[in-house]
Amino acid sequence: MEPSLYRYILNHSKKDQIGLIILSLISLPVVYITLELPKRIINMLEGKDIPEIILGWAVEPVGYLIFLSLAFLSAVLLNGGIKYIINVYRGALGERLLRRFRYELFERILRFPIPHFKRVSQGELIPMITAETEPLAEFIGESYTLPVFQGGVLFTYLFFIFQQDMFLGLAAISLYPFQLYVIPKLQKRVNQLAKERVAMVRSLSGRIGETVSGINEVHTNDTSLFERAQISHRLGIIYKIRFAIYRRKFFIKFLNNFIAQLTPFFFYSVGGYFVLRGDLSIGSMVAVLVAYKDLAGPWKELLRYYQRKEDIKVKYTQVIEQFSPANLMEPTLIDLESDARNLPEGDFLATNISYTEDDLYFSVENASFKLVLNQHTAAVGLSNSGKDELARLLSRIVSPSSGTLAIGSSNMAEMPESLVGRRIAYVGQNTYLFTGTVLDNLLYPLKNRPHAGESTESTELTEARQLATDAGNTPHSIDDNWVDLTQIGITDDAQLNEHIHEILSIVELDEEIYQFGLLSRIEESQNSGLSQGIMKARRQLRDQLTQPEYARLVEPFDQEKYNTNLTVSENLLFGNIYDDNLDGENLAGIPYIRKILDETGLTPALVSAGRQVAEIMLDLFSDVEPDSELFQQFSFISAEDLPEFHQLLVRIRDQELSEISEDDQIKLLSQSFKLITARHRLGLITEDIQLNILAARKRIRDEPGKYDLGIEFFDESRYDQRSSVQDNILFGKLAYGQANAQVKINNLIGDIIRELDLHRHIIDAGLSYQVGVGGARLSAVQRQKLGLARCLIKQPDFLIVNEATSGLDTPAERRLIKRVREKMPLNGIFWVLARAQLAENFDHVMVMERGKLTVNGVFKELAISNKSLQQLLESD
């Protein structure tokens, strides 16, 4: 990257900078006019310099005054307009170059050698691209134009002052040499401190990132105090640095302000002397004072510009240094589009390859071997044997420190990523999944280049492409059609869907995706066929539940019946709440709900029930330890709220309902709303209360316009988009206390789904499951399976599996290996195994030991004769 900030700006915005400079120069005569006109107005008011004719027109003093005033107003408007154009132009230019700079930095991250990420954390890289580059935008726009514009304004003011009186002009500039000498010396130390501050802030970011990544270790080792000390230490250093910066920065500001106020002393004394002598008019004296007052603006701007320039140069230099590591990948390797559709003819040939990250310890040392491209090879060894690094070398994630690795006659180091990345697949033990759906991650390998979609595109998209191109960004839009099915020989979505289901079955992830589908919500407008099938399944399940063996397992939802397995609040609303501000805790505080409760006669009964619940909870849990699990499992009231409810019960002990305050009634109602008749069996929700709740439910349902509660009411005849697939089919509540009810109902639902041929469609719904940040919503095994499926989706010529199935038990891993090998009979596989015994069915086996390739041959022959392999098999 360009080491000089000014050259970088000029290289990418030369024409724009020239345009801004021209605009700045055009504004200077207008600035001079705004200084000259007030002087003439004052002199005219004194009866001096009043012309008789202007532009052939005779004028009188009043007319001349109006003419000068209008001219002054026009000059001010013109000057303001030019400044507005310059400022907007600067802002747009700065943001465009900032966009380019950030994009280039991100491009360089993509070219970083993989080992470099072990030495620098994302907590350091991310702020450098985001926060640390932010000040560049403003500076880029003003880098050339501000000194020209403000310097020109400064020169104009000084020229005007010298025109009035040479001695006053000399007084105006008398202290500039002192400032020009002293300020840079003071600023130099500020710049050094700013550089130290940036480095320490990066260290702070890195440590915070490490703490977040290792939060489990922090808690399991009780090191939170140590981590706080680490952060406190860094914050302390940053405080000292910033305090030192403030002391010097504000001393510079104090010095500038003092000098700015010292110059008027010379004006008043020297200028006043010349006025008294009659050598200087009052108008000229006032004009000089006004000009000097305005003179402070551009001078301060120039000083501020100098200070910011030095600070920005420090930041720019540090960012460039951080983004220029050794062994940076050549840009052509990631940009070049390969004409080849397959890997070169020939075998993998490794000649004396070694790999080290620190020039001290060699993970792989002088390994030479040949791998037949369509051969299935297993690599085994201890954890530090070098097998992991060997797999990464074959995938070209890392490059050999010495030696050559080739496919046929083609050196892998020279192959473009468009060939290696598409035809070689790699999955490691710690599979990373991107934020998005399961399907997004499955199709990720097919998003290499956007391919032709619609022949016409919107004007907005065309403009966005042009803006991106002008800023040096890629013209490709995220809205382009990125999934290229042609590279895997698929022509339509139906074939892709078939391919996905096959891959999920191979890695044994289909049933887990099916479970995701059952728990997912489906938009009826997007999948009307599935929603209709779910409604059929609901009706069929309802019929099955009439049979004696299932009748007691589920209590179906019925608008006309009180559901004893739902809470009071759930029975009252009888629907899915989609308003985040509404729940059972605050339901009693909603005026409309209180009105319904009062009118249906529920308020006294539920307040009384709430009082009894509170008394029972206090009796049962007053002596229980606050951190006991009993509170979470059985108590309606948290340990923190128990004292508050104790005071409430004491307060209302002798009060009638009408005497209980509104707040206390709400608290008691919130307790009764939690009651589940079938579970709690306290006899508090009687049949009369249940009938009244049904009446209140009907009121709420029939009067939706009275108060928007944010509820999707249950309706047996309608698909509920706010419920999961499983809940839509069940359309009821599992009965409390029935043994194995969940298992039996799940099996029954599964049978119905298969009978109605919905299983595949629900898997499709499960593909929309959000995996979370880094796949955090999936288990480690699910992430490994999905990572392997992602590799198989692109149908690679050569698959590298680096202990990516180690989370499975031995039978499951053996079964999965068999399926993958059957899927790729004519393609190459290099499988790094944690269990040596699983290598028995592979064509070839390689044994790594302390970075050395000690065994390379057929498994069946070596298992009998080779001691190293025998020891590994025995260790299993």
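Our structure's up above, just so we're on the same page.
Residues numbered from 1 in each chain as written. Predicted model: local features only at pLDDT ≥ 70, side-chain atom pairs only at ≥ 80, totals over all residues. Heavy atoms only, no water.

> Any details on the nonpolar core? Residues and values, ideally.
Judged by nonpolar contacts, the single largest core of 76 residues is most densely connected at Leu442, Leu788, Leu792, Leu799, Val820, Trp831 and Leu833. Residue contacts for Val820: discarding those within four places in its chain leaves Ile506, Leu788, Leu792, Leu799, Ile829 and Trp831. The next biggest cluster of nonpolar side chains, apart from the first, holds 43 residues, and it includes Leu35, Leu105, Trp299 and Leu328. (Core = buried A, V, L, I, M, F, W, Y, C linked by side-chain atoms within 4.5 Å. Buried < 20%, exposed > 50% of the residue type's maximum accessible area, 1.4 Å probe, protein only. Contact = heavy atoms within 4.5 Å.)

> Quick one: what's the story with a nonpolar patch on the surface, residue by residue and with numbers?
Residues Val62, Ile66, Leu70, Leu73 and Leu77 make up a contiguous nonpolar surface patch of roughly 510 Å² in combined accessible area. In this fold, Ile66 is placed in helix α2 (residues 61-111). (Patch = residues over 30% accessible without salt bridge, like charges linked within 9 Å, V, L, I, M, F, W, Y side chains within 5 Å. Areas by Shrake-Rupley, 256 points an atom, 1.4 Å probe, with all protein chains shown as cover. Salt bridge = Lys/Arg side-chain N within 4 Å of Asp/Glu carboxyl O. Helix = DSSP H or I, 4+ residues; strand = E, 2+ residues; numbered from the N terminus.)

> I'd like to hear about the pairing of strand β16 (residues 852-857), residue by residue, with values.
Looking at chain direction, strand β15 (residues 844-849) and β16 are connected through five bridges and run antiparallel. Bridging from a neighbouring strand, Val847 pairs with Val855 of β16. (Pairing = 2+ DSSP bridges.)

> Talk me through the sheet that holds strand β3 (residues 348-356); I want residue IDs and the actual numbers.
Taken together, four strands build an open sheet; the order of strands is β4-β3-β6-β7 and the sheet is antiparallel. The open sheet has two edge strands with one neighbour each: β4 (362-371) and β7 (410-411). With six bridges connecting them, β3 and β4 associate as antiparallel partners. Bridging from a neighbouring strand, Ile353 pairs with Ala367 of β4. Here helix α12 (residues 387-394) sits on the sheet in contact with β3, β4 and β6 (402-407), set at roughly 55 degrees to β4. (Axes fitted to C-alpha atoms, helices over the stretch in contact; angles between N-to-C directions.)

> Go over helix α16 (residues 493-506) with me, naming the residues and quoting the values.
Compared with the 20 Å implied by 1.5 Å per residue over 14 residues, the 20 Å span of α16 between its first and last C-alpha is a close match. All of the buried residues in α16 are Leu496, His499, Ile500, His501, Ile503, Leu504 and Ile506. On its buried face, α16 sits against α14 (438-442), α17 (510-519), α29 (759-766), α30 (780-793) and α31 (810-823). If you check the start of α16, you find a side-chain oxygen 3.2 Å away from the backbone N of Ala494, and it comes from Asp492. Just downstream of α16, Glu508 is the residue with a positive phi angle, here 55 degrees. (Expected span 1.5 Å × (residues − 1). Polar contact = N/O pair within 3.5 Å; in protein donor to acceptor, adjacent residues only side chain to side chain.)

> Please give an account of the sheet that holds β15 that cites residues and values.
Here we have six strands laid out as an open sheet, ordered β8-β13-β14-β5-β15-β16, and mixed in their pairing. Two strands lie at the open edges of the sheet, namely β8 (424-427) and β16, each paired on one side alone. Strand-to-strand twist of the sheet, defined as the mean angle between neighbouring strand axes without regard to direction, takes the value 15 degrees. For strand β5 (residues 376-381) and β15, the ladder comprises five bridges, and the chain directions are parallel. Paired with Val380 across the bridge in β15 is Val847. Where α30 meets the sheet, its contacts fall on β8, β13 (798-802) and β14 (828-832), and the angle it forms with β8 comes to roughly 180 degrees. Of the strands in this sheet, β5, β13 and β14 touch α31, which is tilted by about 165 degrees from β14.

> Provide a residue-level description of the pattern of salt bridges, including the pertinent values.
Counted under the stated rule, the structure contains 33 salt bridges. Arg102 is the partner of Glu134 in a salt bridge, and the nearest nitrogen-oxygen pair spans 2.6 Å. Here Glu134, found in helix α4 (residues 134-142), pairs with Arg102, found in helix α2; they are 32 residues apart in sequence, far enough to count as distant. Under the relative-accessibility criterion, Glu134 is labelled partly exposed at 42%. Assessed through its relative accessible area of 24%, Arg102 is described here as partly exposed. Its salt-bridge partner being Asp480, residue Arg465 comes within 2.5 Å of it at the nearest N-O pair. A residue pair is termed long-range when its members are at least 10 positions apart, and Arg465 in helix α15 (residues 459-470) and Asp480 in the loop between α15 and α16 qualify at 15 residues. For the residue pair Arg465 and Asp480, the accessibility class agrees, reading buried in each case. Overlapping salt bridges, with partners in common, bring together Lys118, Glu357, Asp388 and Arg392 in one network.

> Provide a residue-level description of α31, including the pertinent values.
Two residues of an α-helix separated by three or four positions point the same way, owing to the 3.6 residues in each turn. A rise of 1.5 Å per residue sets the reference length of α31, with its 14 residues, at 20 Å; its end C-alpha atoms lie 20 Å apart and thus fit the reference within 8%. Of all the residues in α31, the buried ones are Ala812, Glu813, Leu816, Ile817, Val820 and Arg821. The arc that holds the buried residues of α31, viewed along the axis, is 165 degrees, so those residues lie on one side. Opposite the buried face of α31, at more than 90 degrees from it, the exposed residues are Pro811 and Lys818. Two or three places before Ala812, at the start of α31, stands the capping residue Asp809, its side-chain oxygen 2.8 Å from that residue's backbone nitrogen. (Arc of directions from axis to C-beta.)

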